[in-house]
Structure formats: C-alpha cells, structure tokens
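The primary structure of each chain is shown beneath.
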Amino acid sequence: MPNKSAPVTMDAVYTKPGYLFRRMQQIAVSIFVEECRAYDLTPVQYAALVAIRTHPGIDATRLSAVIAFDRSTLGNVIERLEAKQYIERKSGRDDKRVKLLHLTKKGAALLRDIMPSVDRAQARMLQPLKPADRKTLLALLTQLVDLNNEASRVPLRAEDALEHFRKSS
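Here the residue index of a chain counts from 1 through its sequence in written order. Predicted model: local features are reported for residues with pLDDT of at least 70 only, side-chain atom pairs are reported and counted for 80 or more only, and whole-chain, interface and lining totals are derived from all residues. Excluding hydrogens and water, the side-chain values take into account all heavy atoms of the structure.

Chemist: Break down the sheet that holds strand E3 (residues 99-103) for me, with residues and values.
Modeler: Each strand in a sheet pairs with its neighbour through backbone hydrogen bonds, running either in the same direction (parallel) or in the opposite one (antiparallel). Pairing between strands is defined by DSSP: at least two bridges between them are needed. Counting from the N terminus, the helices are the DSSP runs of H or I reaching at least four residues and the strands are the DSSP runs of E reaching at least two. Overall, antiparallel pairing links the 3 strands, which are arranged E1-E3-E2 in an open sheet. Of all strands in the sheet, those bounded by a partner on one side alone are strand E1 (58-59) and strand E2 (87-91). Sheet analysis places E1 next to E3, joined by 2 bridges and oriented antiparallel. By the bridge assignment for E3, Asp59 is matched with Leu100. Two residues qualify as a contact provided that any one of their heavy atoms is within 4.5 Å of a heavy atom in the partner residue. Fitting a line to C-alpha atoms yields each axis, with helices limited to the stretch in contact; the angle taken between N-to-C directions then spans 0 to 180 degrees. Strand contacts of helix H5 (residues 71-83): E2 and E3, with the helix running at about 110° to E2, the strand carrying the most contacts.

This is the structure:
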C-alpha cells in the first residue's frame, strides 16, 4: 500500500525551533552590527572585551569557556582586538608561554562609549514583543540554553574557568 503522507512543504523548515533560532541569530547580529556600526565591533568581539574587562589577565582558553566560543576561532577574534589596540597580551608570571589578556585604555574607552548602542540593539531585538512577552521569552531562552548547555559544541563553562582563574591569581 503506497504511503499517503502529506507532501513535505517549507513548513517542515519554517516552523521548527532550530530554523527559528538560526533566523533570530541572523537578525540579532544584523541589528547589533547596525547599531554599533560606528565602533566596527562584532557581537563576539564585544563579549570578549566584556569578559576581559571583567576578568583581567584571563587566558584564551578560559575566555573561550567564559563566553562559550570555539577556542580555535577565538584566536582570530583576539588577534583582531589586539590589532585594533583594544587588548594586549602579556606573558604569565609562572609560565611565559601563556598569554594573559588585558584591556587597554582604548578598549576600556570603547566599552564605555559603545554601551548605549549595545543597549539600543538589545532593545530593538525585543521591541516587537509586548513587555510581558519579552520577559517570558528571555526566561524561556535562558532555561533552554541552561538545560541544553551540554549539547553545545562549546558548552558554557564560566564557573569552571573562573574557579581556575581565581586559583591562579
């Protein structure tokens, strides 16, 4: 007996969470880049700068864990930030091979100046929703990210990374 299932339509893509998350990521990056155009900074570069400001002297491996970003790709991000003179790498006291990351004065000024643009970008992403729906969406996304952390190619390991960082400081 032949299979009489419904034909596959684009709803097989458009209505699925993975597709919707990917599209929202594209939209989020587009809005961030548009709002922060004057600063020539990507969302990942911004996250790295914030983490380096928050944890001066962090190394690239721990930075990768703190922002949940692939270590091999993060090297390019660090190089770009260093080329723009937003960060500097210094050799570690105990191990000269380890390069510790520090924000420069230029990097600190950039973070101070870019914040209104970042805030505008974040608000624009959620603006189409009613205020209560924004809170619900953020709560549900936070829960999903937390519960699915281990499924990521780069799980967030902020506490593990920072615990090691605290011990070495």
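Chemist: Tell me about the packing of helix H2 (residues 17-35) against helix H6 (residues 105-126), and please be specific about residues and values.
Modeler: A packed helix pair is summarised by two numbers, namely the angle formed by the two axes and the spacing between the axes. Closest axis-to-axis distance for the H2/H6 pair is 9 Å, and the angle between their directions is 145°. Crossing of H2 against H6: the hand is right-handed. Together, Met24, Ala28, Ile31, Phe32, Glu34 and Glu35 of H2 and Ser117, Val118, Arg120, Ala121, Gln122, Arg124 and Met125 of H6 make up the contact between the two elements. In terms of residue class, the contact of H2 with H6 is built from 7 nonpolar, 2 polar and 4 charged. Each crossing gets its hand from how the near helix is turned against the far one by less than a right angle, where anticlockwise is left-handed and clockwise is right-handed. Only Asp, Glu, Lys and Arg are considered charged in this grouping, and only Ala, Val, Leu, Ile, Met, Phe, Trp, Tyr, Cys and Pro are considered nonpolar; every other residue, Gly among them, is considered polar.

Chemist: Quick one: what's the story with the environment of Val66, residue by residue and with numbers?
Modeler: Relative to the helices and strands, Val66 resides in helix H4 (residues 60-67). Given a relative accessible area of 16%, Val66 falls into the buried group. Relative accessibility decides the category of a residue: with a 1.4 Å probe and only protein chains considered, values under 20% of the type maximum give buried, values over 50% give exposed, and everything between is partly exposed.

Chemist: Any details on a nonpolar patch on the surface? Residues and values, ideally.
Modeler: Like-charged residues within 9 Å of one another, or nonpolar side chains (Val, Leu, Ile, Met, Phe, Trp, Tyr) within 5 Å, are grouped into patches, provided each residue has over 30% relative accessible area and no salt bridge. A 1.4 Å probe and the Shrake-Rupley method give the accessible areas. Residues count as covered only by the protein chains that appear here. Salt-bridge detection follows one rule: a side-chain nitrogen of Lys or Arg within 4 Å of a carboxyl oxygen of Asp or Glu. A surface patch of nonpolar side chains, amounting to about 470 Å² of accessible area, comprises Phe21, Leu129, Leu137, Leu138, Leu141 and Leu144. Residue contributions to the nonpolar patch peak at 4 residues, all from helix H7 (residues 131-147). Inspection of the secondary structure puts Leu129 in the loop between H6 and H7.

Chemist: I'd like a description of H2, backed by residues and values.
Modeler: In this analysis, the expected span of each helix is defined as 1.5 Å times one less than the number of residues it contains. Between its terminal C-alpha atoms H2 stretches 26 Å, which fits the 27 Å expected from 19 residues at 1.5 Å a residue. Taken together, the buried positions of H2 are occupied by Ala28, Ile31, Phe32 and Glu35. The buried residues of H2 occupy an angular sector of 100° when the element is viewed end-on, so they sit on one face. Elements in contact with the buried residues of H2: helix H3 (43-54) and H6. As used here, the arc is the angular range of directions from the helix axis to the C-beta atoms.

Chemist: Help me get a handle on the pattern of salt bridges, residues and values and all.
Modeler: Counted under the stated rule, the structure contains 9 salt bridges. The shortest N-O distance in the salt bridge between Arg124 and Glu35 comes to 2.9 Å. Taken together, the positions of Arg124 in helix H6 and Glu35 in helix H2 put the pair 89 residues apart, joining distant regions of the chain. The exposure class assigned to Arg124 is partly exposed, which follows from its relative accessible area of 32%.

Chemist: How would you summarise the packing of aromatic side chains if you had to cite specific residues and measurements?
Modeler: Ring pairs shown here join Phe, Tyr and Trp side chains whose ring centres sit within 6.5 Å, with only the six-membered ring taken for Trp; geometry is labelled stacked below 30 degrees between planes, edge-to-face above 60, and tilted in between. Taken as a whole and assessed by the stated rule, the structure comprises 2 aromatic pairs. Seen in terms of ring centroids, Tyr14 and Tyr19 are 5.4 Å apart; in terms of plane orientation they differ by 50°. Their pairing is tilted. Both rings, one in Phe32 and one in Tyr46, keep their centres 5.9 Å apart while their planes meet at 50°; by these two values the pair is tilted. Here Phe32, found in helix H2, pairs with Tyr46, found in helix H3; they are 14 residues apart in sequence, far enough to count as distant. Here Phe32 matches Tyr46 in class, with each residue buried.

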